[in-house]
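Read off the chains here:
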Amino acid sequence: MIAENGEWANILQGARQAPFRLSYPAFAGWQRGSGWPDTAYVTQRPPRRRDADSKNYKSGTGERMKGSTDPHSSSAALLAAFGAAVLDINRLARDKTLERFHRTALERLQQLVPFQRAWWGRAALIDGVPVEHSAHLFNLEEHYVEDWKSISHDDITVGLVHARPGTAVAVDMQATAGLRWLGARHDIGELLCVIHVDPITRLSDHVALYRTPGGPPFADQEKLLLGQLSAHLAAAVSANQIRTLVALRESLERQALAMAVCDRYGVLHCAERGFVDLLLGAWPGWTGPQLPEETSPQGYRDARLVIDSRQVGDLYLLTARQPSAIEQLSNREGDVALLFSEGKTYKQIARDLGLAPNTVRHHIRTIYSKLGVNDKASIAHLLHQFPPG
């Protein structure tokens, strides 16, 4: 998945440290010439407002407003409930960890549109079938996604939501044989689904809410609410990833790092600008948002670049940096440097490593040259500052 006309190569330039989201608001502002914001999707939350009936969400927004005969009052209450949900989800994006955000956001969404189960994920549409890049299940068995894949060819939801991104679609689980089997297996009677397509990565954020058999069907008002909320949910995911990168940076002692979040397919969801600069330095023709072919979500290391990886759920937190001088040494040179820095003589090193003394001398000269030093104390200092491996 490569942005058209070298879009990434043109856009992803600038200062190295401020994190950004690879999506439309920041890009649109930059392309208009207004410059990069420090971070995308950073919102200031005004004092929280709660409507008089906010303690009782059991029956959903529609039930809360049934008693009103004034259409203007109903509209105002609906807007207030929607606004409160958006603010709360933005707050959760800032306050919760990457592992906890989706669940707590869905619990808040339950108060606006009641449901019992949910599937919130990010996917790429390939040959008309979504290929899941990340998935978060709410009150569903772990094998749900695999079960869905087995009947995905019979799921009419896919075509309906991709025909109209941003519009929520309700589907009865009796609509097809495949959905009927999936509904019976996971106790689902009806689903409400919406997608939001990122214009840069072309990945779609999908949210599917499920009600158990015998429950009330999703109302038009609930479809409208979820449809309008879809872009906010996608933005909140991005803000939560940025928050994770900022927290990770604060926990690291080394500051010459740049960070990113990617999925199992190597598609970058969120990255600091310095991360992109480092990739462009190593691969000038790279256009993103897919990691360069030579690299992997599990990490990468060569003489130009080191990418360390930590898995969180089905996403990967990446930290990229240029190799230290010590890391430019070969394995054998690293062994020699370590023993030499401990005060051992050429003969002792040769005996310990099974080498000829002249070979050890050659390695020491190479080590001095690569590290740009000329004494044992400097080698010891570098080894202490940047331990090999």
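For the structure itself, consult the block above.
Described in the following lines is the structure provided in the data block. Since the structure is predicted, the reported quantities are computational estimates derived from the model, not experimental observations.

## Examining the packing of helix H6 (residues 144–151) against helix H8 (residues 177–186)
Here's step 1: It is at 9 Å that the axes of H6 and H8 come closest, and there the two elements cross at 160°. Relative to H8, the element H6 is oriented roughly antiparallel. Judged by the twist between their axes, the crossing of H6 over H8 is right-handed. On the side of H6, the interface is formed by Tyr144, Asp147, Trp148, Ser150 and Ile151, while H8 contributes Gly178, Leu179, Trp181, Leu182, Arg185 and His186.
Here's step 2: Here the residues of the contact of H6 with H8 sort into six nonpolar, three polar and two charged.

## Considerations on the pairing of strand E7 (residues 258–263)
Here's step 1: Here E7 lies mainly inside the structure; six of its six residues are buried.
Here's step 2: Burial along E7 is two-sided: Ala258, Ala260 and Cys262 and Met259, Val261 and Asp263, pointing in opposite directions, are all buried.
Here's step 3: Examined bridge by bridge, E7 and strand E11 (residues 315–321) share six bridges and lie antiparallel to one another. Within the sheet, the bridge partner assigned to aspartate 263 lies in E11 and is leucine 315.

## Focus: the sheet that holds strand E2 (residues 117–126)
Here's step 1: The sheet built from five strands is open, its strands ordered E3-E2-E6-E5-E4 with antiparallel pairing. Sheet topology places strand E3 (129–138) and strand E4 (169–172) at the edges, where each strand pairs with a single neighbour. Strand-to-strand twist of the sheet, defined as the mean angle between neighbouring strand axes without regard to direction, takes the value 25°.
Here's step 2: When E2 meets E3, the two strands line up antiparallel, connected through nine bridges. For alanine 123, the partnering residue across the bridge sits in E3 and is glutamate 132.

## Digging into the environment of valine 237
Here's step 1: With respect to the secondary-structure elements, valine 237 resides in helix H9 (residues 220–251).
Here's step 2: Placed 144 residues apart in sequence, valine 237 and alanine 93 show a C-alpha to C-alpha distance of 6.8 Å.
Here's step 3: Setting aside anything within four residues of it in sequence, one finds valine 237 in contact with Phe101, His102, Trp120, Arg122 and Asp205.

## Notes on the pattern of salt bridges
Here's step 1: Evaluated as defined, the whole model comprises 14 salt bridges.
Here's step 2: Across the pair arginine 185 and aspartate 147 runs a salt bridge, and its minimum N-O distance is 2.6 Å. Taken together, the residues span a long stretch of sequence, with arginine 185 in helix H8 and aspartate 147 in helix H6 at a distance of 38 residues.
Here's step 3: Judged by its relative accessible area of 46%, arginine 185 is partly exposed.
Here's step 4: We note a salt bridge from aspartate 302 to arginine 304, for which the minimum N-O separation is 3.0 Å.
Here's step 5: What makes arginine 304 partly exposed here is its relative accessible area of 40%.
Here's step 6: Residues participating in the shared-partner salt-bridge network are Asp88, Arg91 and Arg108.

Here is what the cut-offs are and how they apply
Residues numbered from 1 in each chain as written. Predicted model: local features only at pLDDT ≥ 70, side-chain atom pairs only at ≥ 80, totals over all residues. Heavy atoms only, no water. Axes fitted to C-alpha atoms, helices over the stretch in contact; angles between N-to-C directions. Helix = DSSP H or I, 4+ residues; strand = E, 2+ residues; numbered from the N terminus. Parallel < 35°, antiparallel > 145°, perpendicular 65-115°, else oblique. Left-handed = near helix turned anticlockwise from the far one by under 90°. Contact = heavy atoms within 4.5 Å. Nonpolar A, V, L, I, M, F, W, Y, C, P; charged D, E, K, R; others polar. Buried < 20%, exposed > 50% of the residue type's maximum accessible area, 1.4 Å probe, protein only. Pairing = 2+ DSSP bridges. Salt bridge = Lys/Arg side-chain N within 4 Å of Asp/Glu carboxyl O.

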